[in-house]
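So you can see what is in the structure, the chains are spelled out below.
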Amino acid sequence: MKRQPSIGTLILTALSPIAMTLTMAMTAPAQQLAVSHTPTAVASQPDAGMQVTGKPVARVNGTVLTDRDLQREMYALFPYAAQHNGQVPAEMEPQLRKGALQMIVFEELVYQEALRRQMTIPPAKLKTAENDFRGQFSTPAEYHQFLVSEFKGSEKALDEKIKRSLLIDVFLKAEVDAKSTVSVAEARAYYDKNPGRFEYPERFAIQTISFLPPEKPTPDSLKEERKRAEDALKQAKATTNYEQFGMLAEKASEDDYRVMMGDHKRVDRAKLAPQVVQALLAIKEGEITGIIQIEQAFTIVRLNQHIPAGKAKFADVKDKLQKDLQQPKLNAVRAALDKRLRKTSKVEEL
């Protein structure tokens, strides 16, 4: 039986092995209000995780919002629930429910304000949205089943829901997105004032094939492990590109990165074991190290790219920087809009 020590004890000095886990950080939409609204939000999700009865959960100026509306929004915030029979992790449910409730109230406030301003959707745009929505279903029977379960078979009710979503989207683009843009000049000013954020350390893009010792190593088992590494090295030296080495890693390697063709992507020099750094500095890009022993494990490394320390050019980070800077502005504008609409409305959470 193989012992699976942290990759940090083998190749890396401060990097844990790949973990196929999801971390979700939720902040209350009343403060963030950062969930995009799209016409597909009317799509149904499994009811297994929540008992949906149609009971009221809120009233906004007399308009009733039900637990079905709440469930849809919870699935929008946490779509992975649909992959687990509609279940939401128990520890997340209260916060997720609170956030979803605030979001559906916000959307209803926005919709009512759009109607008050007599905003409209061009017929052609509405027709396209209706056709696109129907196109999401695999068969007419599937669409009909959805229509019956969600809208009692009424296409008119569905079309009104789609129209509602489009009005919310148009309103938010005008009142939030357009007022939250970040200009190139603003992004450039931030780039110039925060040079450290755009500096990066020396890095190595690598692939590995590693052999791990058994739980209770013996001289014979370690000798056998070394023999497997030597055989793998011969095969690795015969590879000529990323894909060939990666296929060998999938077949021969025993570390967690084997499922990713042995690819560690770009790793900071400081996170690599000294033995690995020394070996990488002695070869060129596209070449393969010899066998590197770290504790009682053996690894073979392919150098895909050596990236010297430097600073990202503004042109290379401009688009992402504009989006990053826009997000807090967007959150603030949405929160202010929510507060303003609530001030002139009657909102009851039931």
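Above this text sits the structure in question.
Residues numbered from 1 in each chain as written. Predicted model: local features only at pLDDT ≥ 70, side-chain atom pairs only at ≥ 80, totals over all residues. Heavy atoms only, no water.

Caption draft 1: Broad picture of the packing of helix H4 (residues 140–151) against helix H5 (residues 155–177). Here H4 crosses H5 at 80°, and the two axes come no closer than 9 Å. In this view, H4 runs roughly perpendicular relative to H5, as classed from their interaxial angle. Contacts between H4 and H5 involve Tyr143, Phe146, Leu147 and Phe151 from the first element and Glu155, Ala157, Leu158 and Lys161 from the second. Among the residues making up the contact of H4 with H5, the classes are represented as six nonpolar, no polar and two charged. (Axes fitted to C-alpha atoms, helices over the stretch in contact; angles between N-to-C directions. Helix = DSSP H or I, 4+ residues; strand = E, 2+ residues; numbered from the N terminus. Parallel < 35°, antiparallel > 145°, perpendicular 65-115°, else oblique. Contact = heavy atoms within 4.5 Å. Nonpolar A, V, L, I, M, F, W, Y, C, P; charged D, E, K, R; others polar.)

Caption draft 2: Focus on helix H1 (residues 67–77). Counted residue by residue, H1 has nine buried out of eleven residues, so it is predominantly covered. The secondary structure elements touched by the buried residues of H1 are strand E1 (56–60), strand E2 (63–66), helix H2 (93–116), H4 and H5. (Buried < 20%, exposed > 50% of the residue type's maximum accessible area, 1.4 Å probe, protein only.)

Caption draft 3: Quick peek at the packing of aromatic side chains. Throughout the structure, instances matching the rule amount to eight aromatic pairs. For the pair Tyr191 and Phe314, a centre-to-centre distance of 5.4 Å together with 65° between the ring planes defines the contact as edge-to-face. Of this pair, Tyr191 sits in helix H6 (residues 184–193) while Phe314 sits in helix H10 (residues 314–343), placing them 123 residues apart in sequence. Overall, the relative accessible area of 6% leaves Tyr191 in the buried class. Cluster of aromatic residues (ring-pair linked, three or more members): Phe133, Phe137, Tyr143, Phe146 and Phe151. It is Arg164 that lies over the ring of Tyr111; its NZ or CZ is 5.2 Å from the centre. One Lys or Arg, Arg188, reaches over the ring of Phe314 and ends 4.8 Å from the middle of that ring. (Phe/Tyr/Trp six-rings, centres within 6.5 Å; stacked < 30°, edge-to-face > 60°. Lys NZ or Arg CZ within 6 Å of the ring centre and 35° of its normal.)

Caption draft 4: Spotlight on the pattern of salt bridges. In total, this model carries 24 salt bridges according to the counting rule given. Residues Asp324 and Arg197 are paired through a salt bridge, measuring 3.2 Å at the closest nitrogen-oxygen approach. Here Arg197 lies in the loop between H6 and strand E3 (199–200) and Asp324 lies in helix H10, a separation of 127 residues in the sequence. On the accessibility criterion, Asp324 (29% relative accessible area) is partly exposed. The exposure class assigned to Arg197 is partly exposed, which follows from its relative accessible area of 44%. Of the charged contacts, one joins Arg342 and Asp338 as a salt bridge, the two residues approaching to 3.2 Å between their closest N and O atoms. With Arg342 and Asp338 both in helix H10 and four residues apart, the pair spans about one turn of that helix. (Salt bridge = Lys/Arg side-chain N within 4 Å of Asp/Glu carboxyl O.)

Caption draft 5: Highlighting the side chain of Arg302. Inspection of the secondary structure assignment puts Arg302 in strand E7 (residues 297–307). Buried and unpaired, Arg302 has Glu243 as its nearest opposite-charge partner, separated by 7.4 Å. Residue contacts for Arg302: discarding those within four places in its chain leaves Ala205, Ile206, Gln207, Thr240, Asn241, Tyr242, Phe245, Gly286, Glu287 and Ile288. (Lys, Arg positive; Asp, Glu negative; His and termini not counted.)

That is the geometry; function is a separate question.
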